[in-house]
Amino acid sequence: MQESFFDFLPKPTVILAEGAVLLPGFALGLGADILSFLNSIQAASPFRHMITPGGHRMSVAMTNCGKFGWVSDKTGYRYDPVDPLSNRSWPEMPASFLKIATEAAVAAGYSGFQPDACLINRYLPGSKLSLHQDRNEADFTQPIVSVSLGLPASFLFGGLKRKDAVKKYTLEHGDVVVWGGPSRLCYHGVNTLKTGEHPAFGKQRINLTFRKVV
Ligand code: MD6
Ligand code: FE
């Protein structure tokens, strides 16, 4: 990563599209706590590589916290109150996660966001997430809040049709993307993660996406 004399300046909000904003560094306040929360979540509900309805093993490993968790298997995608690995509820969403998600939503112009699901994605070097829409949620008037931690990623943001042009954005540790409104169903994805070393997270990127599912 190129260091610059201007790195100390706060980075301004970036508008990705109507309804979608990047808030650089918004989640830096979560601090070191987040690692111990992630450790206790994965002790109860471990990261696993889910199988797509088409039968492919996802390169991104996933787990969840909150009332509902996003699950994929051969029967399709769904939000499930039970972790199929543990046969128990997903771990509770830590209050600090909920706080940062609702504050980011407010900062992006979406008040009253009360997420009941937090999908946790783990990327190791070589992992990627193909272009997709998030449309398994009941209420598309609710935004999605996405928190990036650890290694930087090249994030792809497109339009409402798969073939629409995509723009690339680098998401760094602590960055938050909020999207909703006219952007809620935009295609997006993550390019293959490059090798690197993050001081706190090591050789991985963790992404938290907060959703209102029911
Ligand atoms: C990621 N994020 O950043 C993957 N989906 O690792 C997503 O797929 C995503 O960032 C919906 C809303 C925001 C996101
Ligand atoms: Fe998504």
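Before going into details, it helps to say that this report is about the structure given with it.

Rules used throughout
Residues numbered from 1 in each chain as written. Chains lettered and ligands numbered in written order. Predicted model: local features only at pLDDT ≥ 70, side-chain atom pairs only at ≥ 80, totals over all residues. Heavy atoms only, no water. Helix = DSSP H or I, 4+ residues; strand = E, 2+ residues; numbered from the N terminus. Expected span 1.5 Å × (residues − 1). Buried < 20%, exposed > 50% of the residue type's maximum accessible area, 1.4 Å probe, protein only. Arc of directions from axis to C-beta. Phe/Tyr/Trp six-rings, centres within 6.5 Å; stacked < 30°, edge-to-face > 60°. Lys NZ or Arg CZ within 6 Å of the ring centre and 35° of its normal. Pairing = 2+ DSSP bridges. Axes fitted to C-alpha atoms, helices over the stretch in contact; angles between N-to-C directions. Contact = heavy atoms within 4.5 Å.

In a regular helix each residue adds 1.5 Å, so 13 residues correspond to 18 Å; helix α2 (residues 95-107) covers 18 Å between its end C-alpha atoms and thus fits that length. Where α2 is concerned, the buried positions are Phe-97, Ile-100, Ala-101, Ala-104 and Ala-105. One face of α2 carries all of its buried residues, which in axial projection span an arc of 135 degrees. Among the exposed residues of α2, those pointing more than 90 degrees away from its buried face are Ala-95, Lys-99 and Val-106. Phi turns positive one or two residues past the end of α2, at Gly-109, with a value near 95 degrees.

Enumeration according to the criterion identifies seven aromatic pairs in this entry. Consider the rings of Phe-5 and Phe-8, whose centres lie 6.0 Å apart with planes at 75 degrees: the pair is edge-to-face. Neither Phe-5 nor Phe-8 differs from the other in exposure class; each is exposed. Three or more aromatic residues link up through ring pairs in this structure, and these residues are Phe-5, Phe-6 and Phe-8. The ring centre of Tyr-123 lies 5.0 Å from the NZ or CZ of Arg-205, which sits over that ring.

Taken in spatial order, the seven strands of this open sheet run β1-β2-β13-β10-β15-β8-β3, and their pairing is antiparallel. Unpaired on one side and paired on the other, β1 (14-17) and β3 (61-66) mark the two borders of the sheet. Between one strand axis and the next, the sheet turns through 20 degrees on average, direction left out of account. Pairing of strand β10 (residues 144-150) with strand β15 (residues 205-211), which is carried by six bridges, proceeds in the antiparallel orientation. If you follow Val-145 over to β15, its bridge partner there is Phe-210.

What follows deals with helix α1 (residues 33-44). End to end, α1 covers 17 Å across twelve residues, agreeing with the expected 16 Å (1.5 Å per residue, within 8%). Of the residues making up α1, those classed as buried are Ile-34, Leu-38 and Ile-41. Viewed along the axis of α1, the buried residues span an arc of 65 degrees, placing them on a single side of the element. Looking at the buried side of α1, the elements it contacts are β3, α2, β8 (117-123), β10 and β15.

This next bit is on the sheet that holds strand β12 (residues 167-171). Taken in spatial order, the four strands of this open sheet run β9-β14-β11-β12, and their pairing is antiparallel. Only two strands of the sheet have a single neighbouring strand rather than two, namely β9 (129-132) and β12. The sheet shows a mean angle of 20 degrees between the axes of neighbouring strands, taken without regard to direction.

Attention shifts here to the environment of Arg-162. Take Arg-162: it is sitting in the loop between β11 (153-157) and β12. Here the alpha-carbon distance between Arg-162 and Ala-32, two residues 130 residues apart in the chain, equals 38 Å. Excluding residues that lie within four positions of it along the chain, Arg-162 makes contacts with Leu-131 and Tyr-187.

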